[in-house]
Amino acid sequence: MAENSASLASRKALLIAVDGPAASGKGTIARALARHYGLPHMDTGLLYRAVALNLWRWGGDPGNEFEALRACHELGIDHDDPELRSEPVSQIASAISAYPAVRAALLERQQDFAGQPGGAVLDGRDIGTVIAPEANVKLFVTATPEVRARRRMGELMARGMPAHLEDVLADIRARDARDSQRDVAPLRAADDAILLDTTELDIDGAIAEAIRLIEERAAG
Ligand code: CDP
């Protein structure tokens, strides 16, 4: 645990919720916060992606809530599976995550993780609003769609999955719209969330700013 985290480390449990749209930097920030505060981390987007991948491999219909629910059962997540991060799986994840039955099926796993005695860091879309409204600190991470599309391009390239910028930007805009307009657990900042715009920040800058904001909130 880092020395300068003493003010928060003295708490019995520290629960940090990190929400935001696609490729905003929330995952990188959440992982860094987990390291900094010595906490376990859950990327909840991977749960939705794993359901989407299951469904895709069975040839199930993303337009059918029952088939999507079936894909939630016996969910194994292979973090190294490159298909988890592919564009078709991103789109299916965004579609099936609008189903109440799918969200309900994944709820307990996330809340159990959030309820660990020492605390945790979770990132997603609805952590601060639905999964862990009791979180000690909530961050809502944003950036412009263009900057997010360029970042996602870089990630896909690094994984050996080259893509076109226009396609990635269109995907990001489509998911933004779907994620924020759905009826259940839409993407939105909790009323008590701290906003962090990473448009002008590099990774190190964004992480440093997240820690500064959290410490400032804790001190206040
Ligand atoms: O990494 P990226 O931000 O592109 O996506 P992700 O966090 O892996 O999430 C993939 C999809 O799952 C999102 O487009 C959301 O529709 C959905 N999701 C959700 O509904 N609720 C969450 N807590 C996390 C993800």
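Residues numbered from 1 in each chain as written. Predicted model: local features only at pLDDT ≥ 70, side-chain atom pairs only at ≥ 80, totals over all residues. Heavy atoms only, no water.

Student: Help me out: how do you make sense of the side chain of Glu-215 in this one?
Tutor: By secondary structure assignment, the location of Glu-215 is in helix H10 (residues 203–219). Within the structure, Glu-215 has its side chain in polar contact with the side chain of Tyr-37 (distance 2.6 Å). (Helix = DSSP H or I, 4+ residues; strand = E, 2+ residues; numbered from the N terminus. Polar contact = N/O pair within 3.5 Å; in protein donor to acceptor, adjacent residues only side chain to side chain.)

Student: Would you mind going over the packing of helix H3 (residues 45–58) against helix H6 (residues 100–114) with me for this structure?
Tutor: In helix packing, the relevant descriptors are the interaxial angle and the interaxial distance, both defined with respect to the helix axes. As a packed pair, H3 and H6 sit with axes 11 Å apart at the nearest point and diverge in direction by 135°. By the angle class used here, H3 and H6 are oblique. Of the two elements, H3 crosses H6, and the hand of that crossing is right-handed. Side by side, H3 and H6 meet where Leu-47, Tyr-48 and Val-51 of the first sit next to Val-102, Arg-103, Leu-106, Arg-109 and Gln-110 of the second. (Axes fitted to C-alpha atoms, helices over the stretch in contact; angles between N-to-C directions. Parallel < 35°, antiparallel > 145°, perpendicular 65-115°, else oblique. Left-handed = near helix turned anticlockwise from the far one by under 90°. Contact = heavy atoms within 4.5 Å.)

Student: Just checking my understanding: could you explain the site of the ligand for this structure?
Tutor: Around the ligand, the surrounding shell holds 19 residues, and the nearest of these are Lys-26, Arg-49, Arg-103, Arg-152 and Asp-179. Arg-103 is positioned such that a nitrogen or oxygen atom in its side chain is 2.8 Å from an oxygen atom of the ligand. A distance of 2.7 Å separates an oxygen atom of the ligand from a polar side-chain atom of Asp-179. Computed on the free molecule, the ligand has an accessible area of 530 Å², of which 98% lies beneath the protein chains in the complex. When contributions to the shell around the ligand are tallied by element, the ones reaching two or more residues are H3, helix H5 (87–96) and helix H9 (165–181). Of the residues forming the shell around the ligand, the biggest block, 3 residues, is contributed by H3. Split into classes, the residues belonging to the shell around the ligand amount to 4 nonpolar, 5 polar and 10 charged. (Near = heavy atom within 4 Å. Areas by Shrake-Rupley, 256 points an atom, 1.4 Å probe, with all protein chains shown as cover. Nonpolar A, V, L, I, M, F, W, Y, C, P; charged D, E, K, R; others polar.)

Student: I tried to follow the environment of Gly-160 on my own but got confused; where do I start?
Tutor: Its location among the elements puts Gly-160 in the loop between helix H8 (145–158) and H9. Taking the C-alpha atoms as reference points, Gly-160 and Asn-136, separated by 24 residues in sequence, lie 38 Å from one another.

Student: Teacher, can you tell me more about the pattern of salt bridges here?
Tutor: Using the criterion set out here, one finds 12 salt bridges in the structure. Note that Asp-81 is salt-bridged to Arg-57, the shortest N-O span being 3.1 Å. Linking Asp-81 in the loop between helix H4 (65–70) and H5 with Arg-57 in helix H3, this pair joins segments that are 24 residues apart in sequence. Relative accessible area serves as the criterion here: at 13%, Asp-81 is assigned to the buried category. Among the charged side chains, a salt-bridge network with shared partners connects Arg-125, Asp-179 and Arg-182. (Salt bridge = Lys/Arg side-chain N within 4 Å of Asp/Glu carboxyl O. Buried < 20%, exposed > 50% of the residue type's maximum accessible area, 1.4 Å probe, protein only.)

Student: How should the side chain of Arg-182 be read in this particular structure?
Tutor: Within the element layout of this structure, Arg-182 appears in the loop between H9 and strand S5 (194–197). The buried category is assigned to Arg-182, whose relative accessible area is 9%. With residues near it in sequence (within four places) discarded, Arg-182 still touches Ser-97, Ala-98, Arg-103 and Arg-125.

Student: Explain unusual backbone geometry here, please?
Tutor: If a residue is not glycine, its phi is most likely negative; likewise, a peptide bond is most likely trans. A positive phi angle is found at Ala-23, which is not glycine, with a value near 60°. Within the fold, Ala-23 resides in the loop between strand S1 (14–19) and helix H2 (26–37). We note that Ala-185 has phi near 45°; this positive angle belongs to a residue other than glycine. Structurally, the position occupied by Ala-185 is in the loop between H9 and S5.

Student: How do you make sense of the sheet that holds S5 when you look at a structure like this?
Tutor: Within a beta sheet, neighbouring strands are joined by backbone hydrogen bonds and run either parallel or antiparallel to one another. Taking strand neighbours across the sheet as the criterion, the 5 strands line up as S2-S3-S1-S4-S5 in an open arrangement whose pairing is parallel. Strands at the two margins of the open sheet, each flanked by one partner only, are strand S2 (41–43) and S5. Taking each pair of neighbouring strands and ignoring which way they run, the sheet shows an average axis angle of 20°. In this structure, S1 lies alongside strand S3 (residues 119–124), joined through 6 bridges in parallel fashion. Within S3, the position partnered with Asp-19 by the bridge is Gly-124. (Pairing = 2+ DSSP bridges.)

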